[in-house]
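# Structural features, examined
The primary structure of each chain is shown beneath.
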Amino acid sequence: SNGVATPKRTAFRAYGSIEESVSDFARLLKTSPRYREAMAAGNDAQAYVNHMGKSGYATDPEYANKLNQILNSGTLRAALAPRTAAL
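First, a word on scope: everything that follows refers to the structure included in this document. Note that this is a predicted model, so its numbers are computed, not measured.

Cut-off values and rules
- Residues numbered from 1 in each chain as written.
- Predicted model: local features only at pLDDT ≥ 70, side-chain atom pairs only at ≥ 80, totals over all residues.
- Heavy atoms only, no water.
- Helix = DSSP H or I, 4+ residues; strand = E, 2+ residues; numbered from the N terminus.
- Expected span 1.5 Å × (residues − 1).
- Bend = angle between axes of the 7 residues up to and from the residue.
- Buried < 20%, exposed > 50% of the residue type's maximum accessible area, 1.4 Å probe, protein only.
- Salt bridge = Lys/Arg side-chain N within 4 Å of Asp/Glu carboxyl O.
- Contact = heavy atoms within 4.5 Å.

## Some details on helix H5 (residues 74-86)
An α-helix turns once per 3.6 residues; consequently, residues spaced three or four apart project the same way. In this model, H5 (13 residues) spans 19 Å end to end at C-alpha, consistent with the 18 Å of a helix rising 1.5 Å per residue. Leu-80 marks the point of greatest bend in H5, at about 45 degrees, and the proline Pro-82 comes within the next four residues. Summarising burial for H5: zero of the 13 residues are buried, a small minority.

Below, the structure written as structure tokens:
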């Protein structure tokens with residue numbers, strides 16, 4: 001809050017399965033105007049992450065930067081290489 005890390009208690013949704021969680025997340029992204037720009041990013045993962053960061057999805061102001069570091073990491077690229085080579 002105002003550049004200072006502040007612990008917060010907040011409610012989280014509980015799901016019976018991973019599938020329910022992912023389905024609810026997809027519904028949220030599709031129906032909320034807040035995430036319209038992120039969804040419009042299409043297949044551009046970096047743009048999606050940047051828009052999610054600007055949307056207020058996460059409380060961490062460095063959320064988008066951290067996810068982009070992961071997207072651009074050698075570790076992720078190495079993990080995806082066998083899958084993308086098969087495409």
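## Some words on the pattern of salt bridges
For the structure shown, the criterion picks out three salt bridges. Across the pair Arg-27 and Asp-24 runs a salt bridge, and its minimum N-O distance is 2.7 Å. You can see Arg-27 and its partner Asp-24 sitting in helix H1 (residues 18-31), three residues apart, about one turn around the helix. The exposure class assigned to Arg-27 is partly exposed, which follows from its relative accessible area of 39%.

## Quick notes on the side chain of Asn-68
As for its placement among the helices and strands, Asn-68 is situated in helix H4 (residues 63-71). Under the relative-accessibility criterion, Asn-68 is labelled buried at 8%. With residues up to four places along the chain from it excluded, the contact list for Asn-68 reads Gln-46, Val-49 and Asn-50.

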